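Fold and geometry: a report
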Amino acid sequence: MSEDDSGRRDRRRAPTLREVAERAGVHVSTVSRVLRETEPPDGWSPTALRVREVADELGYAPNPWAASLRTRRTDTIGVVMPRLTDTVVATMFEGIEYAATELGYSVLLSSPPDTVAAQQRSIEFLRSRQVDGLLLTSLHQGADEFLDSLRLQNTRVLLMNRHAGSRLPAITGDDHAGGRLAAEHLLALGHREIGVIGGPQHATTATDRVAGFVEVLSEVGISLPPDRIVPSGFEVDGGLVGARALLDRPDPVTAVFAVNDTAAIGALGVARDLGLRVPEDLSLVGYNDISVVAQLPAALTTVRTPAHLMGQTAVRRLIDLIEGKSVVSERLPVDLVVRASTAPPRVVGLRR
Amino acid sequence: MTGARRNPRPPTMKEIAERTGVHTSTVSRVLRQTEPVDGWSESALRIHEVAAELGYRPNPWAASLRTRRTTTIGAVMPRLTDGVVATIYQGVEQAARESGYSLLLSSPPDDPAEQRAAIDLLAGRQVDGLLLSSLHSPASEFVADLGLSVPTVAVNRHADSGLPYAGGDDHHGGLLAGRHLLACGYRKLAVVGGPHHATTSRDRIRGFVDALTEAGIALPNDYIKHGPFDVTGGIAAATALFDAIDPPDAIFAVSDSIAIGILGVARDRGLAIPEQLGVIGYNDIPFAAQLPVPLSTVVTPAHDIGAAGVRLLLEFIADPDTVPADIVLPVELVARGSTRALAALI
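It should be emphasised that the depicted structure is a prediction, and the values quoted were computed from it without experimental measurement.

Calculation rules
Residues numbered from 1 in each chain as written. Chains lettered and ligands numbered in written order. Predicted model: local features only at pLDDT ≥ 70, side-chain atom pairs only at ≥ 80, totals over all residues. Heavy atoms only, no water. Helix = DSSP H or I, 4+ residues; strand = E, 2+ residues; numbered from the N terminus. Buried < 20%, exposed > 50% of the residue type's maximum accessible area, 1.4 Å probe, protein only. Contact = heavy atoms within 4.5 Å. Areas by Shrake-Rupley, 256 points an atom, 1.4 Å probe, with all protein chains shown as cover. Domains from an automatic or database assignment. Expected span 1.5 Å × (residues − 1). Core = buried A, V, L, I, M, F, W, Y, C linked by side-chain atoms within 4.5 Å. Pairing = 2+ DSSP bridges. Axes fitted to C-alpha atoms, helices over the stretch in contact; angles between N-to-C directions. Parallel < 35°, antiparallel > 145°, perpendicular 65-115°, else oblique. Nonpolar A, V, L, I, M, F, W, Y, C, P; charged D, E, K, R; others polar. Phe/Tyr/Trp six-rings, centres within 6.5 Å; stacked < 30°, edge-to-face > 60°. Lys NZ or Arg CZ within 6 Å of the ring centre and 35° of its normal.

Here we take up the overall build of chain A. Each helix and strand in chain A was counted, giving 14 helices and 12 strands. Counting over 352 residues, chain A shows a buried share of 59%. Pairs at least 24 residues apart make up 73% of the contacts formed inside chain A by residues separated by at least 6 positions. Accessible surface computed for chain A: about 14,200 Å², of which carbon and sulfur atoms make up 50%.

Here we take up the domain arrangement of chain B. Looking at the assigned domains, one finds that chain B contains domain 1 (13-58), domain 2 (70-167 + 302-329) and domain 3 (170-301). Just the C-alpha atoms count here: the centres of domain 1 of chain B and domain 2 of chain B sit 30 Å apart.

Moving on, we come to helix H12 (residues 236-247) of chain A. Between its first and last C-alpha, H12(A) extends 16 Å over 12 residues, near the 16 Å set by a 1.5 Å rise per residue. Looking at the buried residues of H12(A), the elements they touch are strand S6 (194-197), strand S7 (229-230), strand S8 (255-258) and helix H13 (261-273) of chain A.

This next bit is on the nonpolar core. Note on soluble globular proteins: their nonpolar side chains tend to be buried together. Judged by nonpolar contacts, the single largest core of 131 residues is most densely connected at B:Ile73 and B:Ile262. For this core, the leading source of residues is helix H12 (residues 302-318) of chain B, giving nine residues. In this structure, B:Ile73 is in contact with B:Ala96, B:Tyr101, B:Ser102, B:Leu103, B:Leu104, B:Val127, B:Gly129, B:Leu131, B:Val310, B:Leu313, B:Leu314 and B:Ile317, ignoring residues within four places of it in sequence. Counting 36 residues, the second-largest nonpolar core is a separate cluster that includes A:Val80, B:Leu122, B:Val127 and B:Ala159.

Residue and element names in this part refer to chain A. The strand order across the open sheet built from six strands is S2-S1-S3-S4-S5-S11, with neighbouring strands paired in parallel fashion. Among the strands making up the open sheet, the edge pair consists of strand S2 (106-110) and strand S11 (330-332). Here the average twist between neighbouring strands, direction ignored, is 20°. Here strand S3 (residues 133-136) pairs with strand S4 (residues 156-160) via four bridges, running parallel.

In this section: the packing of helix H1 (residues 13-20) of chain B against helix H2 (residues 24-32) of chain B. Residues and elements named next belong to chain B. Axis separation between H1 and H2 bottoms out at 8 Å; the angle between their running directions is 110°. As summarised for this structure, H1 and H2 are arranged roughly perpendicular, according to the angle between their axes. Counted together, Met13, Lys14, Ile16, Ala17 and Thr20 of H1 and Thr24, Val27, Ser28 and Leu31 of H2 form the full contact between these two elements. Partitioned by chemical class, the residues of the contact of H1 with H2 number five nonpolar, three polar and one charged.

Before going further, it helps to spend a moment on the pairing of strand S8 (residues 250-253) of chain B. Residue and element names in this part refer to chain B. Side chains Ala250 and Phe252 of S8 all project onto a buried face; the interleaved residues Ile251 and Ala253 project onto the opposite face, where all are buried too. By the bridge criterion, four bridges tie strand S6 (residues 189-193) to S8 in an arrangement that is parallel. In the strand pairing of S8, Leu189 is matched with Ala250.

In total, this model carries four aromatic pairs over all chains according to the counting rule given. Both rings, one in A:Phe213 and one in A:Phe257, keep their centres 4.8 Å apart while their planes meet at 10°; by these two values the pair is stacked. Highlighted residues: A:Phe213 in helix H11 (residues 204-219) and A:Phe257 in strand S8, separated in sequence by 44 residues. By relative accessible area, A:Phe257 is classed as buried at 0%. On the basis of an interplanar angle of 55° and a centroid distance of 6.2 Å, the ring pair of B:Phe252 and B:Tyr282 is categorised as tilted. Remark: B:Tyr282 occurs in the loop between strand S9 (278-280) and strand S10 (297-299) and B:Phe252 occurs in strand S8; sequence separation between them is 30 residues. Accessibility assignment for this pair places B:Phe252 and B:Tyr282 in one class, buried. Through pairs of rings, three or more aromatic residues link up here, namely A:Phe213, A:Phe257 and A:Tyr287. Above the ring of B:Tyr186, the side-chain terminus of B:Arg340 is found at 4.1 Å from the ring centroid.

A word on the environment of A:Gly221. Residues and elements named next belong to chain A. With respect to the helices and strands, Gly221 occurs in the loop between H11 and S7. By relative accessible area, which is 68% here, Gly221 ends up exposed. Once the C-alpha coordinates of Gly221 and Arg18 are considered, the two residues, 203 residues apart in sequence, prove to be 64 Å apart.

Next comes the structure, spelled out in structure tokens:
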């Protein structure tokens, strides 16, 4: 291989575990173990810290042979995309594959569980397959510390869907504006007793939607008590749990905003079981406009996100990064789709 | 290329084998495995120690150059926006990971030419085997034309491909749906299928027709509709069925998404579910149970189908001369509010 003969390789190649071990004065198996581990709950030991410092200094990358070949493009991008079973997420993937194919790139997808550790395994696997860049759709809030710990210096990374509070560029929907649209709609209908099925705290899609929603309410002097904003999962089960907390009580709300359609469908099940009619007894707003929600008996009012466009845009920007151009974050516009699941509250102001 | 590489470099499996006094294939197997539930054997422990000592790190590309194995499998799976397909995919990914294999996925449009391009792409990346989820029936000629050089299995749709296959028992699922609608007292039955090329749909319809035949009921051709597997397919088919001179009193949809499209049209026509129209779907997606009138359906083990596909493929990779037996997983019916309570037996 020409890299071996050119002499460039020695300067450019990443160090082996053995070199890290020699410099740190520990056994090579210790280096191997430390660099594979995630941080223990009680923190790194002094030895582990030294090993990691030396590895950083030498520019260690998990796969030395892959690293030596890194200057060679593979025209492949890696995508780490949890929650693929949600139509909106899979639609983003279709957009990714569509744009990548058009631009001559192949896509490698990993769809791990939506946990930090599982996403880390996926990122490391895709890097070992020598992708030119990574699209990460679902990092958790406060992602910079996590990203720093991965030592991704040689890999181009773009975030999408969730910006995760990171300094890295991200292509997202305008979740804050979407939350505002939902709140303005419910206020205009006359709702004042409102609850939010808020999604997971680690997902900035969810927290931005809630923040936009709450902001509009506070602008008209309504402050939502904490028990009116229920954290939840994004799945149907999350909607079930969240809606029970908001509706199965003596003073149920007259309107619910769920931060995604899937959770909203869970809320529909709870309303049905409690004998609440939609929209007569309960107005419901979802988020994403997945294809099934227009077919519900009371077609769901929701906020439409440009999922396919988001995937396409993210691929174009990632390729810009790979080609050395600079990229800034973009928030794609969203719009409200008013359907039959929202109506004025039945007895305004009567509830005490 | 080995001669050109300088020390220090990671050891080869052969060097680990020499140092531990076992065969290279043993080293390869042990280093690929995850720890067995009853712990490592002594010789496996020794191999791990030596490997760590010598600074061994797995490198799939290098491995492929030595043994032509990459411990990577490829999956070609169109239609990931269907939650059922995505669930199968997650079953594939999890099973592959648990077996120490990596997975490369391509999700092209559901069209033979696009699938062919995707298969070529993955085959070019030296995968050890391929999983194909959406072949179009009859696929035997298509498969022969591919000239596949690696073990390949069909998952979800067998597509009359002749490939080893893992899927759900679609015929039995259709049979259960038909018997259920009859037991509820419906008599003017219709079925809304997927595309003609999808054997999942075809086998479900055949099972359904068999249930009607058992009861001495014939299914007229214009009560059998075909279209896409999604809500739009249900909307188009239901519109045609309700516009007919003698509309059905119950519909079997071969997917829940189709069923939800049918429910939307029924809503627009003011049809009461389940009194004026019974609807039964297929798959039991998470939405089905939460609908205002919860959907009766046939539960398919989508995650397990994916895992079974991987099991089948790894068997085939381990022994390419023996074609492994198909895996057909059982399905079951869940009766909910979208079909009438069972008619009293007289």
